[in-house]
Protein chains: 2
Amino acid sequence: MVSAALVGQVIQSYRLRKGMSQEVLSGLAGLDRTHYSKIERGLRSPTLDTLFKIAQALDIPPSDIVRQIEQQISEYPEP
Amino acid sequence: MVSAALVGQVIQSYRLRKGMSQEVLSGLAGLDRTHYSKIERGLRSPTLDTLFKIAQALDIPPSDIVRQIEQQISEYPEP
DNA sequence: ATGTGACTCTAAGTCCGTT
DNA sequence: AAACGGACTTAGAGTCACA
């Protein structure tokens, strides 16, 4: 089980590193801004499809995001 | 947009390489067997959560599967 | 520029089968 | 062992008004 909060946290850190607003990112990804906002806060856990859209907007390979999630899990194992 | 058929194809190739049946794999992943069957046939596209479960059952990093999907997309671009 | 609640719609995921 | 189908429940996708 993958924590939705962790996924959101990883995605947000990528977004902030790019200096993008939620508005711009969600626009590029073709997602509704409020929907994206919920994903970042872990209120929704994205489908694989949505993850690919977000990665595309961030201009990074989707596998980078997934690998980052893996690392977070191994560093901070969930109970 | 990620083709569900492509995802299923990639996952299936990993499973066959491991010499596992759908029954064993879905059991390890904690998924319904018929549901997993549909994913392989591209009738369902898994959530990020389900992808992690499948990767765990395959004993490979989830990012490996995602990277494989990316490669397939770049090699055989979709119209 | 972001958070939130309240929706509808669609698909993921489960469970019962048969071929 | 796996494809295939039907009926069902749950949750994400997508949208809006408002703070």
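By the naming in an unreviewed UniProt entry, chain A is HTH cro/C1-type domain-containing protein, taken from Vescimonas coprocola.

Visitor: Break down the protein's contact with DNA strand C for me, citing the residues and quoting the values.
Guide: Taken together, 19 residues lie around DNA strand C, and A:Q22, A:E23, A:R41, B:T47 and B:T50 are the ones closest in. Side-chain polar atom of A:R33 to a base oxygen of DNA strand C: 3.0 Å apart, as the coordinates give it. Contacts to DNA strand C include A:S37, whose side-chain N or O atom sits 2.7 Å from a phosphate oxygen. Broken down by secondary-structure element, the contributors of at least two residues to the surface near DNA strand C are α2 (22-29) and α3 (33-40) of chain A together with α3 (33-40) of chain B. Ranked by residues supplied to the surface near DNA strand C, first place goes to α3(A) with 4 residues. Of the residues assigned to the surface near DNA strand C, the class counts are 1 nonpolar, 9 polar and 9 charged.

Visitor: Got a sec to walk through the interface of chain B and chain A? Specific residues and values, please.
Guide: With 17 residues of chain B at the contact, the number on the chain A side is 17 residues. Taken together, chain B and chain A are joined by 0 salt bridges. At the surface where chain B touches chain A, the tally comes to 4 residue pairs in polar contact (both at pLDDT 80 or more). Elements that contribute at least two residues to the side of chain B that touches chain A include exactly α4 (48-58) and α5 (62-75) of chain B. Looking at the side of chain B that touches chain A element by element, the count peaks at 7 residues for α5(B). Among the residues making up the side of chain B that touches chain A, the classes are represented as 12 nonpolar, 2 polar and 3 charged.

Visitor: I'd like a description of the relation of the copies chain B and chain A, backed by residues and values.
Guide: Between chain B and chain A, the superposition needs a rotation of 179° and an axial shift of 0.1 Å, giving an RMSD of 0.1 Å. The transformation relating the two chain copies, once decomposed into turn and shift, fits a two-fold axis. An overlap of 100% is found between the interface residues of chain B and their copies at the interface of chain A, pointing to a shared contact surface.

Visitor: Explain the protein's contact with DNA strand D to me, and be specific about the residues and the numbers.
Guide: Not every one of the 20 residues close to DNA strand D is listed here, only the nearest: A:D32, A:H35, A:T50, B:Q22 and B:E23. The sugar and phosphate moieties of DNA strand D supply 64% of its atoms located within 4 Å of the protein. A:T34 is positioned such that a nitrogen or oxygen atom in its side chain is 3.1 Å from a base nitrogen of DNA strand D. Between DNA strand D and B:R15, the relevant distance is 3.1 Å, taken from a phosphate oxygen to a side-chain nitrogen or oxygen of the residue. Classifying every residue of the surface near DNA strand D by side-chain character gives 2 nonpolar, 9 polar and 9 charged.

Visitor: Describe in detail the pattern of salt bridges, supporting the description with residues and values.
Guide: Any two side chains of opposite charge can pair, given that their charged atoms come close. Residues and elements named next belong to chain A. Throughout the structure, instances matching the rule amount to 6 salt bridges over all chains. D49 serves as the salt-bridge partner of K53, at 3.8 Å between the closest nitrogen and oxygen. On the criterion of helical spacing, the pair formed by K53 and D49 is a turn pair, its members being 4 residues apart in helix α4 (residues 48-58). According to the relative accessible area criterion, K53 is partly exposed, its value standing at 26%.

Visitor: Got a sec to walk through the packing of helix α1 (residues 4-18) of chain B against α4(B)? Specific residues and values, please.
Guide: Residues and elements named next belong to chain B. Interhelical geometry of α1 versus α4 gives an angle of 20° and a closest axis separation of 10 Å. As far as their axial angle goes, α4 and α1 are roughly parallel. Taken as a pair, α1 and α4 cross one another with a handedness that is left-handed. Residue-level inspection shows I11, Y14, R15 and K18 of α1 in contact with α4, the latter providing L51, I54 and L58. Looking at the contact of α1 with α4 residue by residue, the classes come out as 5 nonpolar, no polar and 2 charged.

About the thresholds
- Residues numbered from 1 in each chain as written.
- Chains lettered and ligands numbered in written order.
- Predicted model: local features only at pLDDT ≥ 70, side-chain atom pairs only at ≥ 80, totals over all residues.
- Heavy atoms only, no water.
- Near = heavy atom within 4 Å.
- Polar contact = N/O pair within 3.5 Å; in protein donor to acceptor, adjacent residues only side chain to side chain.
- Helix = DSSP H or I, 4+ residues; strand = E, 2+ residues; numbered from the N terminus.
- Nonpolar A, V, L, I, M, F, W, Y, C, P; charged D, E, K, R; others polar.
- Contact = heavy atoms within 4.5 Å.
- Salt bridge = Lys/Arg side-chain N within 4 Å of Asp/Glu carboxyl O.
- Least-squares fit on C-alpha atoms with pLDDT ≥ 70 in both.
- Buried < 20%, exposed > 50% of the residue type's maximum accessible area, 1.4 Å probe, protein only.
- Axes fitted to C-alpha atoms, helices over the stretch in contact; angles between N-to-C directions.
- Parallel < 35°, antiparallel > 145°, perpendicular 65-115°, else oblique.
- Left-handed = near helix turned anticlockwise from the far one by under 90°.

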